[in-house]
Each structure stands twice: as structure tokens, then as C-alpha cells.
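# Tertiary structure, described
Residue-level listing of the chains:
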Amino acid sequence: MKRQKLTVLGATGSIGVSTLDVVARHPDRYEVIALTGNSRVEVLLDQCLQHRPRYAVVGNADAVAGLTERLRSAGLNTEVLAGPAALEQVAALPEVDMVMAAIVGAAGLQPTLAAVRQGKRVLLANKEVLVMAGALFMAEVRRYGATLLPIDSEHNAVFQSLPADYAGEPAGAGVSHILLTASGGPFLGTPLERLQNVTPAEACAHPNWEMGRKISVDSATLMNKGLEVIEAHWLFNLLPEQIEVVIHPQSVIHSLVQYVDGSVLAELGNPDMRTPIAYAMAWPERIAAGVLPLDLPAIARLSFEKPDLLRFPCLALAFRALRDGANAATVLNAANEVAVAAFLAGHLPFLAIAEIIAATLDAVPVRPMADLTAILAEDANARAVATELLARKSA
Ligand code: NAD
Ligand code: MG
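Since the structure is predicted, the reported quantities are computational estimates derived from the model, not experimental observations.

About the thresholds
- Residues numbered from 1 in each chain as written.
- Chains lettered and ligands numbered in written order.
- Predicted model: local features only at pLDDT ≥ 70, side-chain atom pairs only at ≥ 80, totals over all residues.
- Heavy atoms only, no water.
- Near = heavy atom within 4 Å.
- Polar contact = N/O pair within 3.5 Å; in protein donor to acceptor, adjacent residues only side chain to side chain.
- Areas by Shrake-Rupley, 256 points an atom, 1.4 Å probe, with all protein chains shown as cover.
- Nonpolar A, V, L, I, M, F, W, Y, C, P; charged D, E, K, R; others polar.
- Domains from an automatic or database assignment.
- Pairing = 2+ DSSP bridges.
- Helix = DSSP H or I, 4+ residues; strand = E, 2+ residues; numbered from the N terminus.
- Patch = residues over 30% accessible without salt bridge, like charges linked within 9 Å, V, L, I, M, F, W, Y side chains within 5 Å.
- Salt bridge = Lys/Arg side-chain N within 4 Å of Asp/Glu carboxyl O.
- Buried < 20%, exposed > 50% of the residue type's maximum accessible area, 1.4 Å probe, protein only.
- Axes fitted to C-alpha atoms, helices over the stretch in contact; angles between N-to-C directions.
- Parallel < 35°, antiparallel > 145°, perpendicular 65-115°, else oblique.
- Left-handed = near helix turned anticlockwise from the far one by under 90°.
- Contact = heavy atoms within 4.5 Å.
- Donors = N, O, S within 2.8 Å, 3.2 Å for Na, K, Ca; no water.
- Buried area = accessible area lost by both parts, 1.4 Å probe.

On to the site of ligand 1, then. T12, S14, N38, E128 and G212 are the nearest of the 22 residues found near ligand 1. One of the backbone N or O atoms of S14 is found 2.9 Å from an oxygen atom in ligand 1. The fraction of the free accessible surface of ligand 1 (820 Å²) that becomes covered by protein chains is 85%. Grouping the constituent residues of the shell around ligand 1 by class yields eleven nonpolar, eight polar and three charged. Mapped onto the domain boundaries, the shell around ligand 1 takes at least three residues apiece from domain 1 (4-150) and domain 2 (152-272 + 285-320).

Pairing between strand 10 (residues 253-259) and strand 11 (residues 264-268): five bridges, direction antiparallel. Across the sheet, residue I253 finds its bridge partner in strand 11, namely L268. Between the antiparallel neighbours strand 10 and strand 11 lie four residues, among them G262 with a positive phi of about 100°.

A word on a nonpolar patch on the surface. Together, L268, L294, L296, L302 and F304 make up a nonpolar patch on the protein surface, roughly 400 Å² of accessible area in all. Taking relative accessible area as the criterion, L302 reaches 31% and is therefore assigned partly exposed.

Moving on, we come to the packing of helix 5 (residues 109-116) against helix 17 (residues 372-394). Viewed as axis vectors pointing N to C, helix 5 and helix 17 meet at an angle of 160°, and their least axial separation amounts to 13 Å. Taken together, the axis directions place helix 5 and helix 17 in an arrangement best described as roughly antiparallel. For the element pair helix 5 and helix 17, the recorded crossing hand is right-handed. The residues of helix 17 that touch helix 5, namely those facing L109, Q110 and L113, are L372, I375 and L376. Across the contact of helix 5 with helix 17, the residue classes tally to five nonpolar, one polar and no charged.

Summarising the metal site, the magnesium ion (ligand 2) is bound by the protein donors D152 (OD), E154 (OE) and E228 (OE), whose distances to it range over 2.1 to 2.2 Å. Here the donor residues of the magnesium ion (ligand 2) share one chain and are spaced in sequence as D-x1-E-x73-E. Of this pair, E154 sits in helix 7 (residues 153-161) while E228 sits in helix 11 (residues 223-236), and the two are 74 residues apart along the sequence. No difference in accessibility class separates E154 from E228, as the two residues are buried.

Right, let's talk about the packing of helix 7 against helix 12 (residues 274-282) for a bit. Remark: helix 7 packs on helix 12, axes separated minimally by 9 Å, with the N-to-C direction vectors making an angle of 50°. By the angle between their directions, the pair helix 7 and helix 12 is classed as oblique. Handedness of the helix 7/helix 12 crossing: left-handed. When helix 7 is examined against helix 12, the residues S153, N156, F159 and Q160 are found in contact with a partner set consisting of P276, Y279 and A280. In the contact of helix 7 with helix 12, the residues fall into four nonpolar, three polar and no charged.

Here we take up the environment of L389. Among the structural elements, L389 can be located in helix 17. For L389, a relative accessible area of 17% gives the class buried. Considered as a pair, L389 and A201 are 188 residues apart in the sequence and their alpha carbons are 24 Å apart. Beyond its immediate sequence surroundings of up to four residues, L389 is in contact with I356, A359 and T360.

In this section: the side chain of N327. Turning to its location among the elements, N327 is positioned in the loop between helix 14 (313-324) and helix 15 (328-344). Setting aside its immediate chain neighbours within four residues, N327 contacts V364, P365, V366, R367, M369 and E378.

Attention now moves to the domain arrangement of the chain. Parsing the chain into structural domains produces domain 1 (4-150), domain 2 (152-272 + 285-320) and domain 3 (325-395). Distance from the C-alpha centre of domain 1 to the C-alpha centre of domain 2: 26 Å. Across the boundary between the two partners, domain 1 contributes 19 residues, which contact 21 residues of domain 2. Both faces considered, domain 1 and domain 2 share a buried interface measuring about 1,700 Å² in area, 66% of it formed by carbon and sulfur atoms.

Turning next to the pattern of salt bridges. Throughout the structure, instances matching the rule amount to 26 salt bridges. The salt bridge involving E31 is made with K5; its shortest N-O contact spans 3.8 Å. Taken together, the residues E31 in strand 2 (residues 30-36) and K5 in strand 1 (residues 4-9) connect sequence positions 26 residues apart. A salt bridge links E140 to R117; its shortest N-O distance comes to 2.7 Å. Linking E140 in helix 6 (residues 128-144) with R117 in the loop between helix 5 and strand 6 (121-124), this pair joins segments that are 23 residues apart in sequence. Here R117 falls in the partly exposed class, since its relative accessible area comes to 31%. Taken together, the salt bridges that share partners define one network made up of K127, D152, E154, K225 and E228.

Okay, structure coming up:
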């Protein structure tokens, strides 16, 4: 079998590490061509020593010489590059078959688009890409014939529960709506008064999933589910009212599809991102992912409840942005990235994250975005507005 050649964008993060774990289980199937990291150069070095890629990309040009030298002394001739242009370069390499898009946030947009424009198989973890630029991104996927496979566990579950030939037409496929499950995050049962004083460490202590810090805070505010609602809209061509969110604290059912005849199909499993990663890497085949089989008697109970939009207003803000359309989700995403970074730095109380996002949405008019330049301008403008609102809050 010809080995599939792979670029991992965001290799040093939580999804990147899980991806390389799956790769290491199947050396006969996959070959790593490029790995990228931002600041965790030590982790990237170790990954290079194990996977021997042709290219490694770091965030800061100052790190290139040191990493190159250490790779050379280990007998590797991996070429070390730096910066955003290098990310695009390794995503678009002609010899690469598939690209794992696992950078966090808006920084992943252009490298992921570069892979799409080469018609690659794109494994999309970086949900912010679809939130900030969904219309353009999906149009480019169609135009360049890229294969887009969702890594987000909920969307991967929906993908698995839809007909294999689903082509973005819910009515034709007999789909009524989808149910995205949400664990509820670490503050599911926390009263509103207590939420005012929760710390970044508490917000990042997720009960079921081990993830990067930004998505961990998004899970704690439920903005992660809001971003996923927008992601589902673009991936599966669903109206806002066809996307329902249900809290399911055990994270065993990863999401469900409700059909018009009353049938509900779902994908279940232990909460381990190696399942959706392995599924997308091998699709339409299946390969071992190192995930333990589901032990239902040990889990004993699965429970469900409605999300509380009073304590978690970010979910409602995301629905608002999806309904508003045009630039609104781009603004939502940018304001969220600014507010979450401020919270993680200890400069903003937890509940103020939603306030900053709402105020940014109120301040920026809803207006169409014609192209990538306009999207990037909206992103930059919303960051400036959110930053100004933050400064006023702490003044
Ligand atoms: P992480 O913080 O652990 O890793 C982020 C990766 O992006 C790192 O490799 C980092 O070096 C890189 N990166 C960060 N900023 C960068 C920049 N400016 N330029 C280039 N590279 C940069 O995050 P994660 O938890 O692995 O999440 C990655 C993406 O996957 C996010 O969009 C997240 O929403 C999504 N996702 C994650 C999970 C999960 O279980 N961790 C599940 C579903 C979706
Ligand atoms: Mg998810």
C-alpha cells in the first residue's frame, strides 16, 4: 500500500499530539512530511526525532537556527522554516495527501485554505476557520475539489450518522435536524454568583476531555458549543433551527441525527479524540486508534438536559451571529479570542467574556464580506473594538 503523506498544522497541541499517536500506530499507512508548532520548540524537536519529517515550522524566526542545529546533530536533515508563509507552504506541498488542520484560532485560516486550494484531504479540527470564514471556505472546498472531513467529535459523529452519500441536502436525505451534545464543561452545576470568581485554572479543568487552554475556556462558557453550531451549519448545510444543543455530561454520545421518520442515529464511544482523528485519516476505512472499547455497565447512566442560556449566554450569542449572517460570526470569533486571552491572562472575569462579545457584536454593523481581504479586515476590526471595550472595562 502506498503510504499517505501528511502535514500536521499545530502538531504540538492537544489534537496534534493525538494525531501523531495515531500515526505512530500505523507506520505502514502514514508518513509525516511536515510538522508545525508555534512556541513549544522542545515538543516539536521530540516529534521531529520520532517522525523524521522533511519540514518543521516554528512561529519565531529566532528559533530556526537552534532547532536546525539540534536536528543536524541528531542526524536529521529536516528543513526548519518560520512564520505564516511557511505554514501555507507546508500545507500546500505537492507531495502531501492530507493535512491535519489543528492550529487554534484565526491563525489557522490561511494555511488551511492553502491546503484546500491544492485539493487535499483536509482534516478540520480548527473550527474557528469555519466560524470566521465559513461561506468562503466551503466555496473553496467545492471549487478545488478538496475532501473536508470533520475532526470535532460532534461533527465527526454527525458525519458518521448521515448517509454516506450526503451532499448537503437535509430534506433529500430525510434529515429533520441534528442534536449536538455538550458536556456542559467544568461549571455545569456552578451557580451564577460563583461563576463571577472562577479562575483560569478552574476553567481549564475539563471533566471529560484534555484540550488546549483556549478551547477549554470555550467549553466552560459554552462558546465552544456555539462555535460548533456555526461549524455544523457550514459543514452540513443546516438552518439554525435544525441544530439543537443538548447537555450530556458523560460525553459518550458524541452527537445525533434525527430523521423525519423518527429514527435517531448517533455515534458513541469513550471521549478520546483519537477516534475521530483515526476515522478521518482512514476514511472510508477504519483503523485502530488505541481507544478502549465502551464499557456501558461501568458508565451505567447517560443523562441529558437543556442548556442554561442565562448562566451561559455565549451559546445564545453564537446563534444570534449565525442568524445575523454576513460578518457577524467573524466578529463573534474575533471578540471571543480577545476576551478568552484576557481571561486566561487574569485580566477579565469569567462572566465578562460574554459581555465583551455581546458589546462587540452590538458595536460592529452587520455587513457583507466579499472576499478574504474583507474577512481579515472584519477580524482585525472586531479585535480592535473588543480590545478597546476591554480597556474601558478595566479603566
Ligand atoms: P492547543 O492549544 O493544544 O494547540 C494549538 C496548536 O496551534 C499548537 O500546536 C500551537 O503551536 C499552534 N498555534 C497556536 N497559535 C499559533 C499561531 N499563531 N501560529 C501557528 N500555530 C499556532 O489546541 P488544541 O486543543 O489542540 O485545539 C486545536 C484546534 O482544534 C482548536 O481550533 C480547537 O477548537 C480544535 N479542537 C480541539 C479539540 C481537543 O480535544 N483538543 C477537540 C475539538 C476541536
Ligand atoms: Mg467538539
